[in-house]
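Observations on the model geometry
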Amino acid sequence: MNPPLVDTFGRPMKSLRLSVTDRCNLRCSYCMPESEYRWLPRSDLLTFEEIGRLLPRFVDLGTSRIRITGGEPLLRSDLPVLVQRVAALAGVEDLALTTNGVFLAREARGLRDAGLHRITVSLDTLSPARFRSLSRSEEHAKVLDGIVEAGKVGFSGLKLDTVVIRGVNDDEIPALLRAAREWSAEIRFIEYMDVGGALLWTPEAVVSQAEILAKVESSVGPVEPLRDTELSAPARRFRTPSGQVFGVVASMTQPFCTHCDRSRLTADGTWYHCLYAPTGVDLRTALRAPGTDAELVEVLTSAWKKRADRGAELRMELRNRAPSVAREDLRADPRLEMHTRGG
Ligand code: SAM
Ligand code: SF4
């Protein structure tokens with residue numbers, strides 16, 4: 001048996017975030033604050049057949065956790081067809097989806113039947129008015145319906161992701177925690193990151209893990225850290241006195257680059273080794289050229305062996321932090337956007 005493939009820091013290629021579209025029906029202020037975007041050309045999007053040829057190569061090299069994301073992944077037509085294909089791959093131990101939830105009530109049953117294991121819904125507020133100003137959408141009720149429906153069709157282990165922004169939704173931490181409990185979901189509070197298209201980001205808007213925990217504790221009492229948290233997992237997990245488990249993703253104040261086993265494939269087949277990486281590996285050209293699967297494996301292997309990314313740690317060393325990518329660079333290369341890289 002071959003030794004496991006690792007990068008220059010000994011990190012395996014275990015998790016893949018597979019973006020199936022760069023389009024989105026929401027305009028969250030921390031992700032897509034602009035009025036216009038440049039989209040990936042449709043003819044560049046990988047077909048399900050191309051993804052179906054590529055993923056087994058990832059799996060052969062140690063990838064066992066796949067998260068389907070976007071943009072908004074439920075905008076990709078026939079998504080259950082892809083889910084069924086990926087779920088059937090031997091070696092895929094965890095197949096999850098991250099969605100903004102707007103179309104989840106309609107899609108949940110089909111995704112479940114197709115073999116999707118888990119769902120994470122992004123939910124930043126319980127207030128329709130706040131949702132309107134945060135996401136420029138009227139569909140808040142549909143997101144809540146989606147969360148309920150996901151539970152009804154049998155998705156257990158539902159997760160909620162909340163980006164916490166000072167002065168925007170940090171006052172809702174206790175209420176969101178209570179709502180998560182009612183839905184039997186595990187909520188993860190995410191520190192606002194200066195990634196990609198987060199052009200409105202300021203250091204002052206970041207609510208740190210320490211502050212998030214203080215807000216939780218002022219509402220429910222002392223929390224204890226769980227020891228079972230995997231080192232490569234982005235969220236540190238905690239338990240409240242009543243036994244409710246929740247997570248905090250502290251990418252800004254406690255980056256986890258040392259254990260990061262995650263890579264990202266954009267919908268047009270560009271493979272990034274870090275959320276902050278300026279460039280990626282063009283797998284689409286390799287896929288569309290008349291090469292063999294062994295040649296694809298060679299492209300993946302040699303690129304991963306050279307991986308030395310520790311983007312979040314390097315950003316933390318900067319003195320005056322500002323959004324990590326300039327507007328003109330986002331215009332020139334939409335793959336620098338968080339909504340293209342899949343978050
Ligand atoms: N549209 C789907 C959704 O919102 O769940 C999937 C794609 S979205 C880019 C994936 C995740 O990235 C979301 O949970 C979102 O909250 C997170 N995200 C986007 N911009 C962020 C930022 N500036 N800081 C922290 N998280 C961010
Ligand atoms: Fe919001 Fe997700 Fe769309 Fe970004 S991709 S605007 S986080 S719903």
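Residues numbered from 1 in each chain as written. Chains lettered and ligands numbered in written order. Predicted model: local features only at pLDDT ≥ 70, side-chain atom pairs only at ≥ 80, totals over all residues. Heavy atoms only, no water.

The next thing to look at is the overall build of the chain. Helices and strands together make up the secondary structure of the chain, namely twelve helices and twelve strands. Computed over its C-alpha atoms, the radius of gyration of the chain comes to 19 Å, within 12% of the 20 Å expected for a compact globule of 343 residues. Dimensions of the chain along its principal axes, counting C-alpha atoms only, are 60 × 50 × 45 Å. Classification of the 343 residues of the chain by burial places 56% in the buried group. Long-range pairs, those at least 24 residues apart, make up 73% of the contacts in the chain with a sequence separation of at least 6. A total accessible area of about 14,900 Å² is found for the chain, and carbon and sulfur atoms account for 52% of it. (Helix = DSSP H or I, 4+ residues; strand = E, 2+ residues; numbered from the N terminus. Rg over C-alpha atoms; globule rule 2.2 N^0.38 Å. Buried < 20%, exposed > 50% of the residue type's maximum accessible area, 1.4 Å probe, protein only. Contact = heavy atoms within 4.5 Å. Areas by Shrake-Rupley, 256 points an atom, 1.4 Å probe, with all protein chains shown as cover.)

A word on the nonpolar core. Side chains of nonpolar character tend, in soluble globular proteins, to be buried together. Counting 95 residues, the largest nonpolar core has Phe189, Phe246 and Trp271 as the members making the most contacts within it. For this core, the element with the highest residue contribution is helix α1 (residues 48-60), accounting for six residues. (Core = buried A, V, L, I, M, F, W, Y, C linked by side-chain atoms within 4.5 Å.)

With that settled, consider the site of ligand 2. Surrounding ligand 2, one finds Cys24, Leu26, Cys28, Tyr30, Cys31, Met32, Gly71, Asn100 and His339. When its residues are assigned to classes, the shell around ligand 2 shows six nonpolar, three polar and no charged. (Near = heavy atom within 4 Å. Nonpolar A, V, L, I, M, F, W, Y, C, P; charged D, E, K, R; others polar.)

Right, let's get into empty space enclosed by the protein. Rolled over the atoms, a probe with the dimensions of a water molecule shows which regions are left empty. All told, the structure shown has one cavity of 30 Å³ or more when counted by the stated rule. In this structure, the largest cavity occupies an estimated 80 Å³ of space. A total of three residues in the lining of the largest cavity trace back to one element, the largest contributor, which is helix α11 (residues 327-332). Residues of the lining of the largest cavity, tallied by class, amount to four nonpolar, one polar and six charged. (1 Å grid on protein atoms, 1.4 Å probe; cavity = no way out; pocket = protein on both sides within 12 Å on 5 of 7 lines; lining within 4 Å. Points joined across faces, edges and corners; volume = space filled by probe spheres on them.)

Moving on, we come to the side chain of arginine 17. For arginine 17, the position within the fold is in strand β1 (residues 15-19). An unpaired buried charge is present at arginine 17: no salt bridge exists, and aspartate 161, the closest side chain of opposite charge, is 6.0 Å distant. Reaching out from arginine 17, the side chain makes a polar contact with the backbone oxygen of glycine 342 at a distance of 3.2 Å. When sequence neighbours within four positions are dropped, the list of residues in contact with arginine 17 reads Arg67, Thr69, Thr98, Arg262, Ser263, Arg264, Leu265, Gly342 and Gly343. (Lys, Arg positive; Asp, Glu negative; His and termini not counted. Salt bridge = Lys/Arg side-chain N within 4 Å of Asp/Glu carboxyl O. Polar contact = N/O pair within 3.5 Å; in protein donor to acceptor, adjacent residues only side chain to side chain.)

Moving on to the site of ligand 1. The environment of ligand 1 is made up of 21 residues, and the closest members are Tyr30, Gly71, Thr98, Ser122 and Met193. In this structure, a nitrogen atom belonging to ligand 1 sits 2.9 Å away from a main-chain N or O atom of glycine 71. A distance of 3.3 Å is found between an oxygen atom of ligand 1 and a backbone nitrogen or oxygen belonging to threonine 99. Coverage of ligand 1 by the protein amounts to 95% of the 550 Å² it exposes when considered alone. Listed by contribution, the elements that provide at least two residues to the shell around ligand 1 are β3 (94-99), β5 (159-164) and β6 (186-191). When grouped by side-chain class, the residues that make up the shell around ligand 1 number nine nonpolar, nine polar and three charged.

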